[in-house]
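Notes for the structure review
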Amino acid sequence: MVTAAPKISVQDLRLAFGAKEVLHGISFDIGRNEIFGVIGPAQSGKTSLLRCINRTIDFSPDATMTGTVLVDGEDVRKTRNVYGLRRKIGMVAPLPVGLPLTIYENVAFAPRCVGVSAKSELDGLVEKCLTQAALWDEVKDRLDSLGTKLSGGQQQRLTIARALSHQPEVLCLDEFSIAIDPVTTMRIEDVLKELRKDITIILVTNLVQQARRLADRAMFLWNGDIVELDRNEVIFSEQPASRKTYEYVHGIFG
Ligand SMILES: Nc1ncnc2c1ncn2[C@@H]1O[C@H](COP(=O)(O)OP(=O)(O)O)[C@@H](O)[C@H]1O
Ligand SMILES: [Mg+2]
């Protein structure tokens, strides 16, 4: 739920790629330990918004971002530690991104990079993250096999375990279930409900029902503008403030 000090505060955020503006000055806050849903059809600017928050937008040289994004009150554009920011804000992409390593090393990689070397500590972290991602029981007997040999749904859970290995404070999920079966999707949704006790989750999805099941509040983004942002009970009700929201969440368009 939103408290006096939001985890993330976005103020008048504009983003353009070259001359084409794709986010048109949007403002909103995300509370601590909130599951914040971002819904909207393709090309609405959902992924671009996530990239502004963790500054992976820097990898697009033609992108121009103006306005303010505060994480814990700190302006992401002024931070001196962009790597620290990206560790703090984990990102899970639509398709699993596996490192060509064993299951164990996929999860141990980031902790090793920040200096964790004791085997007992790494073992504990690997077990914890794989358990949090609901994958431990399926892989605990074959941690030394390649992550890329897992099924698609397992690889996506491995991707989530790897994102968690950075011990993020915010986890951004960008259409995480696009390539996985409904049973695995439901298992991951259960995982997210558990995780929200510890972290803030931004759930970008074009699956309206997924946002409805999981989010506390949902923001309907359309063509780079916020159509409506409210508690789920309002957004998914028969009477959201905007007719366009009603039509989108009830499948009349989109
Ligand atoms: N790297 C890029 N260069 C140029 N245009 C981009 C780039 N990334 C996204 N866009 C454009 O920005 C708009 C929003 O895209 P995106 O953020 O991917 O939307 P969504 O995630 O909602 O599908 C689209 O018009 C898309 O073509
Ligand atoms: Mg996208």
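In case you missed it, the structure is sitting above this.
This paragraph deals with the sheet that holds strand S10 (residues 225-231). Read across the sheet, six strands follow the order S6-S7-S8-S3-S9-S10 without closing on themselves; strand pairing throughout is mixed. The strands lining the two open edges of the sheet, one partner per strand, are strand S6 (89-92) and S10. This sheet shows a mean twist of 15 degrees between the axes of neighbouring strands, independent of strand direction. Helix H1 (residues 46-53) rests against strand S3 (35-39), S6, strand S7 (170-174), strand S8 (200-205) and strand S9 (217-222) of the sheet, and its axis sits at about 155 degrees to S8. The strands touched by helix H7 (residues 182-195) are S3, S7 and S8; relative to S8, the strand with the most contacts, the crossing angle is about 150 degrees.

The subject of this paragraph is the site of ligand 1. Near ligand 1 the following residues occur: Phe-17, Lys-20, Val-22, Pro-41, Ala-42, Gln-43, Ser-44, Gly-45, Lys-46, Thr-47, Ser-48 and Ser-60. One nitrogen or oxygen atom from the main chain of Gln-43 is found 2.7 Å from an oxygen atom belonging to ligand 1. One of the backbone nitrogen or oxygen atoms of Ser-44 is found 3.0 Å away from an oxygen atom of ligand 1. Across the complex, the protein chains shield 70% of the 560 Å² of accessible surface that ligand 1 would expose by itself.

With that out of the way, let us pick up the packing of helix H3 (residues 103-113) against helix H4 (residues 119-132). The interhelical angle for the contact between H3 and H4, taken along N-to-C directions, is 115 degrees, at an axis separation of 9 Å. Compared by their axis directions, H3 and H4 come out roughly perpendicular. Regarding H3 and H4, the two cross each other, and that crossing is right-handed. Contact with H3, carried on its side by Ile-103, Tyr-104, Val-107, Ala-108, Pro-111 and Arg-112, involves Lys-119, Leu-122, Asp-123, Leu-125, Val-126, Cys-129 and Leu-130 of H4 and no other residues of that element.

With that out of the way, let us pick up the sheet that holds strand S4 (residues 63-71). With antiparallel pairing, the four strands of this open sheet are ordered in space as S2-S1-S4-S5. Since the sheet does not close on itself, it has two edges, and those belong to strand S2 (20-30) and strand S5 (74-75), each with one partner. As judged from the eight bridges shared by strand S1 (residues 8-17) and S4, these two strands associate in the antiparallel manner. Along S4, the bridge assignment pairs Ser-9 with Leu-70. Contacting S1, S2 and S4, H1 runs over the sheet at an angle of about 115 degrees to S1.

Take the side chain of Gln-154 next. Within the element layout of this structure, Gln-154 appears in helix H6 (residues 152-165). Residues contacting Gln-154, with those up to four places away along its chain left out, are Leu-135, Glu-138 and Arg-142.

A word on the pairing of S8. Counted residue by residue, S8 has six buried out of six residues, so it is predominantly covered. Residues Thr-200, Ile-202 and Val-204 of S8 are buried on one face, and the alternating residues Ile-201, Leu-203 and Thr-205, pointing to the opposite face, are buried as well. Alignment of S3 against S8, held across five bridges, turns out to be parallel. Paired with Ile-35 across the bridge in S8 is Ile-201. In this structure, S7 lies alongside S8, joined through five bridges in parallel fashion. Note on S8: the bridge partner recorded for Leu-171 is Ile-201. In this view, the connection linking S7 to its parallel neighbour S8 by way of H7 has right-handed handedness.

This next bit is on the nonpolar core. Buried together is how nonpolar side chains tend to be arranged in soluble globular proteins. Core analysis: the biggest nonpolar cluster contains 37 residues, and Leu-130, Leu-171, Leu-173, Phe-176, Leu-192 and Leu-195 have the highest contact counts within it. Residue assignment for this core shows that the elements contributing at least two residues are H3, H4, helix H5 (136-139), H6, S7, H7 and S8. Counting residues in hydrophobic clusters, the runner-up holds 28 residues, among them Ile-30, Ile-57, Val-69 and Leu-221.

Rules used in this analysis
Residues numbered from 1 in each chain as written. Chains lettered and ligands numbered in written order. Predicted model: local features only at pLDDT ≥ 70, side-chain atom pairs only at ≥ 80, totals over all residues. Heavy atoms only, no water. Pairing = 2+ DSSP bridges. Helix = DSSP H or I, 4+ residues; strand = E, 2+ residues; numbered from the N terminus. Axes fitted to C-alpha atoms, helices over the stretch in contact; angles between N-to-C directions. Contact = heavy atoms within 4.5 Å. Near = heavy atom within 4 Å. Polar contact = N/O pair within 3.5 Å; in protein donor to acceptor, adjacent residues only side chain to side chain. Areas by Shrake-Rupley, 256 points an atom, 1.4 Å probe, with all protein chains shown as cover. Parallel < 35°, antiparallel > 145°, perpendicular 65-115°, else oblique. Left-handed = near helix turned anticlockwise from the far one by under 90°. Buried < 20%, exposed > 50% of the residue type's maximum accessible area, 1.4 Å probe, protein only. Right-handed = clockwise from strand over helix to strand, strands pointing away. Core = buried A, V, L, I, M, F, W, Y, C linked by side-chain atoms within 4.5 Å.

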